[in-house]
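# Architecture at a glance
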Amino acid sequence: DGGITQSPKYLFRKEGQNVTLSCEQNLNHDAMYWYRQDPGQGLRLIYYSQIVNDFQKGDIAEGYSVSREKKESFPLTVTSAQKNPTAFYLCASSVMADMAGRTHEQYFGPGTRLTVT
Amino acid sequence: AQSVSQHNHHVILSEAASLELGCNYSYGGTVNLFWYVQYPGQHLQLLLKYFSGDPLVKGIKGFEAEFIKSKFSFNLRKPSVQWSDTAEYFCAVNAGNNDMRFGAGTRLTVKP
């Protein structure tokens, strides 16, 4: 059963702590993405990766870090430097973008709701 | 700055009413266009997409969208909505450089 898994579904942390969100895919997709979803703001790109051991910053990368050691996995760390970390985080994957960097459809995981107090 | 605008934040319709959700974008070149839907408690999933060819695109569950290049628009339509269409709808545009941009979303509530 192919798809994207994110864990945990809900995560609670104290302010000042780093936290890592898991994202795994078995779709054999090359590209993976992390988005943040806030009410009324849609999805904003945090980081993306087109191949293993390479990743690029999105619009709101400050306070976040990622790694891509395996094709299947793209964990996101929310660091203590992120000023407003409470949000719903979505991971997505897709086949490699075309030569112009235009992506085909993205497949999304169920999301992780992070609450920092 | 490049952007995607969804004009309606919350739309409330009765069952069997017709639906049109607006989406405009500000990219000047070739774009890939998408509509995604997020049903309550479910994953974000693709409704339909446009890459090239016929500008009228048909998707799942009776939805369709029309790409009007001159208006930079990709509006979503459905002739007769059902209670099960209650969800949040997102327009997305990809103009290259791995830059997929999403609109703010439109919440649709269908009253039975």
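To be clear, the structure that these remarks concern was listed above.
Residues numbered from 1 in each chain as written. Chains lettered and ligands numbered in written order. Predicted model: local features only at pLDDT ≥ 70, side-chain atom pairs only at ≥ 80, totals over all residues. Heavy atoms only, no water.

On to the nonpolar core. Ranked by size, the top nonpolar core spans 29 residues in total, and within it B:Trp35, B:Leu48, B:Leu76 and B:Tyr89 carry the most contacts. Secondary-structure elements contributing two or more residues to this core are strand S2 (10-14), strand S3 (19-21), strand S5 (32-38), strand S6 (44-50), strand S8 (64-68), strand S9 (73-78), strand S10 (87-94) and strand S12 (106-111) of chain B. Not counting chain neighbours up to four residues away, the residues in contact with B:Tyr89 comprise B:Gln6, B:Leu21, B:Trp35, B:Tyr36, B:Val37, B:Tyr39, B:Leu47, B:Phe63, B:Leu76, B:Gly105, B:Thr106 and B:Leu108. Listed in part, the 20 residues of the second largest apolar core include A:Leu21, A:Met32, A:Ile46 and A:Cys91. (Core = buried A, V, L, I, M, F, W, Y, C linked by side-chain atoms within 4.5 Å. Buried < 20%, exposed > 50% of the residue type's maximum accessible area, 1.4 Å probe, protein only. Helix = DSSP H or I, 4+ residues; strand = E, 2+ residues; numbered from the N terminus. Contact = heavy atoms within 4.5 Å.)

Looking now at the packing of aromatic side chains. For the structure on display, the rule yields 15 aromatic pairs over all chains. Measuring from centroid to centroid gives 6.4 Å for A:Tyr33 and A:Tyr35, while their planes differ by 25 degrees, and the two rings are stacked. Like A:Tyr33, the residue A:Tyr35 is buried in the burial classification. Taking the centre distance of 5.6 Å and the plane angle of 45 degrees together, the rings of B:Phe63 and B:Tyr89 count as tilted. Of this pair, B:Phe63 sits in the loop between strand S7 (56-58) and S8 while B:Tyr89 sits in strand S10, placing them 26 residues apart in sequence. A relative accessible area of 0% places B:Tyr89 in the buried class. Here the aromatic residues A:Tyr33, A:Tyr35, A:Tyr48, A:Phe108, B:Phe34, B:Tyr36, B:Phe51 and B:Phe102 are joined through ring pairs into a cluster of three or more. Its guanidinium or amino end placed over the ring of A:Phe74, A:Arg68 lies 6.0 Å from that ring's centre, counting from NZ or CZ. (Phe/Tyr/Trp six-rings, centres within 6.5 Å; stacked < 30°, edge-to-face > 60°. Lys NZ or Arg CZ within 6 Å of the ring centre and 35° of its normal.)

So, about the pairing of strand S11 (residues 112-116) of chain A. Sheet analysis places strand S2 (residues 10-13) of chain A next to S11(A), joined by four bridges and oriented parallel. Bridging across to S11(A), A:Arg13 finds its partner in A:Val116. (Pairing = 2+ DSSP bridges.)

Turning next to the sheet that holds strand S8 (residues 76-78) of chain A. Residues and elements named next belong to chain A. Pairing is antiparallel across the open sheet formed by four strands, whose spatial order is S1-S3-S8-S7. In the strand order of this sheet, the two ends are held by strand S1 (4-7) and strand S7 (64-66), each with one partner. The mean angle between the axes of side-by-side strands here comes to 20 degrees, regardless of whether they run parallel or antiparallel. (Axes fitted to C-alpha atoms, helices over the stretch in contact; angles between N-to-C directions.)

Before going further, it helps to spend a moment on the interface of chain B and chain A. Interface extent is often summarised as the accessible area lost during association of the parts. If you look at the interface, chain B gives 24 residues, while chain A gives 23 residues. When chain B packs against chain A, close to 1900 Å² is buried across both sides, 50% of that on carbon and sulfur atoms. The tally of links between chain B and chain A comes to two salt bridges. Across the salt bridge formed by B:Lys49 and A:Glu105, the nearest N and O atoms sit 3.0 Å from each other. Breaking the side of chain B that touches chain A down by element, the ones donating at least two residues are S5, S6, S10 and strand S11 (100-102) of chain B. (Buried area = accessible area lost by both parts, 1.4 Å probe. Salt bridge = Lys/Arg side-chain N within 4 Å of Asp/Glu carboxyl O.)

The next point concerns the state of the cysteines. Enumeration according to the criterion identifies two disulfides over all chains in this entry. Two residues, A:Cys23 and A:Cys91, share a disulfide whose sulfurs are 1.9 Å apart. Where A:Cys23 bonds to A:Cys91 through sulfur, the torsion about that S-S bond is close to -75 degrees, and the disulfide is left-handed. Of the two residues, A:Cys23 sits in strand S3 (residues 19-25) while A:Cys91 sits in strand S9 (residues 87-94), which places them 68 residues apart along the sequence. With relative accessibility at 1%, the residue A:Cys23 sits in the buried group. The disulfide partner of B:Cys23 is B:Cys91, and the S-S distance across this bridge is 1.9 Å. A torsion of -65 degrees about the S-S bond marks the disulfide between B:Cys23 and B:Cys91 as left-handed. (Disulfide = S-S within 2.5 Å.)

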